[in-house]
Amino acid sequence: MARITAGIASSHVPLLGVAADTGKDRDAYFGPIFEGYDWTRKWIARPENKPDVVILVYNDHASAFDMKIIPTFAIGCGERYRPADEGWGPRQVPDVEGHPDLAWHIAQSLILDEFDMTIINEMDVDHGLTVPLTMMYGAPDAWPAKVIPLAVNVVTYPPPSGNRCWALGEAIARAVQSFKGKDLKVHIWGTGGMSHQLQGTRAGLINAEWDNMFLDSMIGTTQALRSIPHIEYLRETGSEGIEMVMWLIMRGALGRETRALHRHYHVPCSNTAIGHIVLEPVDGTVPASPTLEGNNAAAQGAI
């Protein structure tokens with residue numbers, strides 16, 4: 001009754017939100033960045049491509065979570081999320097409307113599939129989530145799709161491995177496929193990256209060759225990205241490049257094979273490489289879970 005129809009990956013640089021909010025998105029500096037999203041804005045507006053729900057994978061930047069609590073994976077199951085105040089007031093963008101029915105179903109399925117999710121019913125969402133919405137939708141009065149936030153810790157060591165993120169994506173696909181409610185077209189978006197380092201002697205690092213290898217490897221049947229260790233992200237893409245493991249949740253959810261519909265890469269935006277890709281599943285098959293069916297049966301028996 002629900003199906004994942006596409007995956008989108010995008011950088012979520014906060015400066016892009018500033019540019020959009022202040023009318024600078026088409027100036028000489030930001031214009032080439034935003035032009036790379038024009039194709040996607042037209043594509044996603046077409047009825048056959050428009051999602052009912054977006055599962056949006058992002059990382060919080062000390063807005064909802066701080067050093068007091070650091071969930072590895074957290075899923076938002078609430079009705080609504082307000083833009084966070086990140087120090088200069090909340091962005092003047094619409095509130096984000098959730099989809100509690102699908103979110104709670106996914107949360108239950110993931111936990112029975114052996115992923116220990118943190119469930120969040122109330123939180124504000126920062127640029128990690130609102131900037132991708134702006135990049136895909138522009139400045140509507142209300143976001144055209146409901147959103148299920150999925151926050152990943154990539155700020156405090158240890159972050160999850162690429163393999164674990166890919167496997168989480170596969171588990172999300174199983175969860176969506178088993179949803180028995182209303183017919184839903186679902187997108188999954190992975191955000192963050194690409195190569196960048198914000199501090200230290202390597203501040204400003206950008207590695208276009210590695211970034212484009214990563215983009216290449218999101219397409220087709222290869223699963224090579226799931227085995228890249230943390231140290232390679234750090235060495236090749238800077239201290240913040242680890243955000244790209246969030247893209248692998250999206251890629252894992254698309255199944256065995258993908259096809260690229262659109263791709264964009266630009267440097268720089270501030271001190272970050274901008275990456276963006278739109279994928280569709282060619283073969284959306286994901287491996288069966290060795291534990292989900294048995295755990296579901298046990299849960300039903302307990303009820």
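Reading the values: the criteria
Residues numbered from 1 in each chain as written. Predicted model: local features only at pLDDT ≥ 70, side-chain atom pairs only at ≥ 80, totals over all residues. Heavy atoms only, no water. Phe/Tyr/Trp six-rings, centres within 6.5 Å; stacked < 30°, edge-to-face > 60°. Helix = DSSP H or I, 4+ residues; strand = E, 2+ residues; numbered from the N terminus. Buried < 20%, exposed > 50% of the residue type's maximum accessible area, 1.4 Å probe, protein only. Contact = heavy atoms within 4.5 Å. Pairing = 2+ DSSP bridges. Axes fitted to C-alpha atoms, helices over the stretch in contact; angles between N-to-C directions. Parallel < 35°, antiparallel > 145°, perpendicular 65-115°, else oblique. Left-handed = near helix turned anticlockwise from the far one by under 90°. Nonpolar A, V, L, I, M, F, W, Y, C, P; charged D, E, K, R; others polar.

In the nomenclature of an unreviewed UniProt entry, the chain is known as Class III extradiol dioxygenase subunit beta of Sphingobium olei.

A.B. asks: Now, about the packing of aromatic side chains: what can you tell me, with residues and values included?
C.D. replies: Counted by the stated rule, this structure contains 6 aromatic pairs. Between W210 and F214, the aromatic rings sit 5.7 Å apart at their centres with planes inclined by 25°, giving stacked as the arrangement. Note that W210 and F214 are positioned in helix α6 (residues 208-217) at a spacing of 4 residues, about one turn of the helix. On the accessibility criterion, W210 (7% relative accessible area) is buried. An aromatic cluster is present here, built from W210, F214, Y233 and W247 joined pairwise through their rings.

A.B. asks: Outline unusual backbone geometry, supporting the account with residue identities and numerical values.
C.D. replies: Y157 connects to P158 through a cis peptide bond whose omega is 5°. Here P158 lies in the loop between β7 (146-152) and α5 (162-177). With an omega of 0°, the peptide bond between G193 and M194 qualifies as cis. With respect to the helices and strands, the residue M194 is situated in the loop between β8 (184-191) and α6. Here S270, not a glycine, exhibits a phi torsion of approximately 60°, which is positive.

A.B. asks: Let's hear about the environment of G204: which residues, and what values?
C.D. replies: Looking at the secondary structure, you find G204 in the loop between β8 and α6. When its relative accessible area of 34% is taken as the criterion, G204 is described as partly exposed. Sequence-wise, G204 and A273 are 69 residues apart; in three dimensions their C-alpha atoms are separated by 9.6 Å. Apart from the residues within four sequence positions on either side, G204 is in contact with Q197 and N271.

A.B. asks: Quick rundown of the sheet that holds strand β2 (residues 53-58)? Include the residues and the values.
C.D. replies: If you trace the 8 strands from one edge of the open sheet to the other, you get β6-β3-β7-β2-β8-β1-β10-β9, paired in mixed fashion. Every interior strand has two partners, whereas the edge strands, β6 (118-120) and β9 (257-269), have only one. Across the sheet, the mean angle separating the axes of adjacent strands is 20° when strand polarity is ignored. Contacting β1 (2-10), β2, β3 (73-76), β7, β8, β9 and β10 (272-283), helix α8 (residues 245-253) runs over the sheet at an angle of about 150° to β8.

A.B. asks: Could you give me a rundown of the packing of helix α3 (residues 100-112) against α5, with the residues and numbers involved?
C.D. replies: Orientation of α3 relative to α5, taken along the N-to-C sense of each, is 125°, at an axis distance of 9 Å. Classified by the angle their axes make, α3 and α5 are oblique. With respect to the hand of their crossing, α3 and α5 are arranged in right-handed fashion. Contacts from H105, I106, S109 and L110 in α3 reach L168, A171, I172, A175 and V176 in α5. For the contact of α3 with α5, the per-class residue count stands at 7 nonpolar, 2 polar and no charged.

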